[in-house]
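So you can see what is in the structure, the chains are spelled out below.
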Amino acid sequence: MRIVLLGAPGSGKGTQAKKLMDAHNIPQISTGDLLRAAVKAQSELGQRAKAAMDAGELVADDIVIGMIRERLNEADTQNGFILDGFPRSTAQAAALDDMLVELDIPLQKAVLINVEFGNLIKRLTGRRTCSACGQMYNVYFSPPQADGVCDRCGGTDLAHRADDNEETISNRLTVYQEQTEPLVSYYQQQGKLASVEGEGDLDAVFGRISSALAA
Ligand code: ADP
Ligand code: ZN
């Protein structure tokens, strides 16, 4: 299965990508996660990416496209992959198409997770990630059972992402509308688009995605 997950920041792409990864035993490839790891490691690439990320702007194409090219060449992508957060512009989508044609593994579907715009800000400001195991929570919609304690590993550092502050969030949403939303018609024209309702329970959304992928 070779797919792209499309959706605004806060639409639940990362959460659903992790569920798909577990269900299908194929890797989730998230440019956001790769970039955050580079920033944390203070690599040269991370240093170049940091300012754009803090501002909620897109990181330069050469950085993210290079990262994806390297990642797709790793052995674990042979049975498929779930791209999460890439592509984010039509230029990136075209570069991805070229790369996948070259590797002879064309994309099969792009799944759009639809969430009403007004709900995204609360989803983003409420988001927390366990710094020990990566499990994600939302203090409004899906809090851990005990306040501030990870259900999965017992970790007590449920961290707020640096770019999940109101100012950066509003810029990320604008960037999404201007640069990423055109991908909906890009994939529609290729006959690869599937659109699912992203409101409601995580498992219900996962069920809709699974049906869309089986169709
Ligand atoms: P979200 O989808 O919630 O905005 P991500 O983790 O996907 O979160 O991305 C966080 C930030 O990383 C983005 O705001 C952007 O600065 C950068 N980024 C991630 N993926 C890309 C990409 N494909 N192209 C350019 N920048 C990216
Ligand atoms: Zn944890």
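Residues numbered from 1 in each chain as written. Chains lettered and ligands numbered in written order. Predicted model: local features only at pLDDT ≥ 70, side-chain atom pairs only at ≥ 80, totals over all residues. Heavy atoms only, no water.

Colleague: Before we go on, may I ask you to explain the environment of Leu83 in this structure?
Modeller: Structurally, the position occupied by Leu83 is in strand β3 (residues 81-84). Leu83 gets classed as buried once you look at its relative accessible area, which sits at 0%. A sequence separation of 37 residues divides Leu83 from Leu120, and the C-alpha atoms of the two residues are 21 Å apart. If we skip the residues at most four places from it in the chain, Leu83 touches Ile3, Val4, Leu5, Ile29, Ile68 and Leu96. (Helix = DSSP H or I, 4+ residues; strand = E, 2+ residues; numbered from the N terminus. Buried < 20%, exposed > 50% of the residue type's maximum accessible area, 1.4 Å probe, protein only. Contact = heavy atoms within 4.5 Å.)

Colleague: Please clarify how the sheet that holds strand β7 (residues 158-159) should be interpreted in this entry.
Modeller: Strand-to-strand pairing in sheets goes through backbone hydrogen bonds, with the strands running parallel or antiparallel. With respect to topology, three strands assemble into an open sheet ordered β6-β5-β7, the strand pairing being antiparallel. Two strands in the sheet have a free side with no partner beyond their single neighbour: β6 (136-138) and β7. Bridging between strand β5 (residues 127-130) and β7 involves two bridges; their strand directions are antiparallel. Note that in β7 the partner of Cys130 across the bridge is Leu158. In the packing of helix α6 (residues 117-125) onto the sheet, the strands contacted are β5 and β6, and the crossing angle to β5 comes to about 35°. (Pairing = 2+ DSSP bridges. Axes fitted to C-alpha atoms, helices over the stretch in contact; angles between N-to-C directions.)

Colleague: Whenever I open this one, the coordination of the zinc ion (ligand 2) confuses me. Can you help?
Modeller: Six octahedral donors around a metal ideally sit at 90 or 180 degrees from one another, while four tetrahedral donors ideally sit at 109.5 degrees. Every protein donor of the zinc ion (ligand 2) is listed here as Cys130 (SG), Cys133 (SG), Cys150 (SG) and Cys153 (SG), and their distances to the metal cover 2.3 to 2.4 Å. The site at the zinc ion (ligand 2) holds four donor atoms, and with the angles between them running 103 to 114°, its shape is tetrahedral. Spacing between the donor residues of the zinc ion (ligand 2) along the chain follows C-x2-C-x16-C-x2-C. Here Cys130 falls in the buried class, since its relative accessible area comes to 2%. (Donors = N, O, S within 2.8 Å, 3.2 Å for Na, K, Ca; no water. Tetrahedral: all angles 85-135°; square planar, octahedral: opposite > 155°, others 65-115°.)

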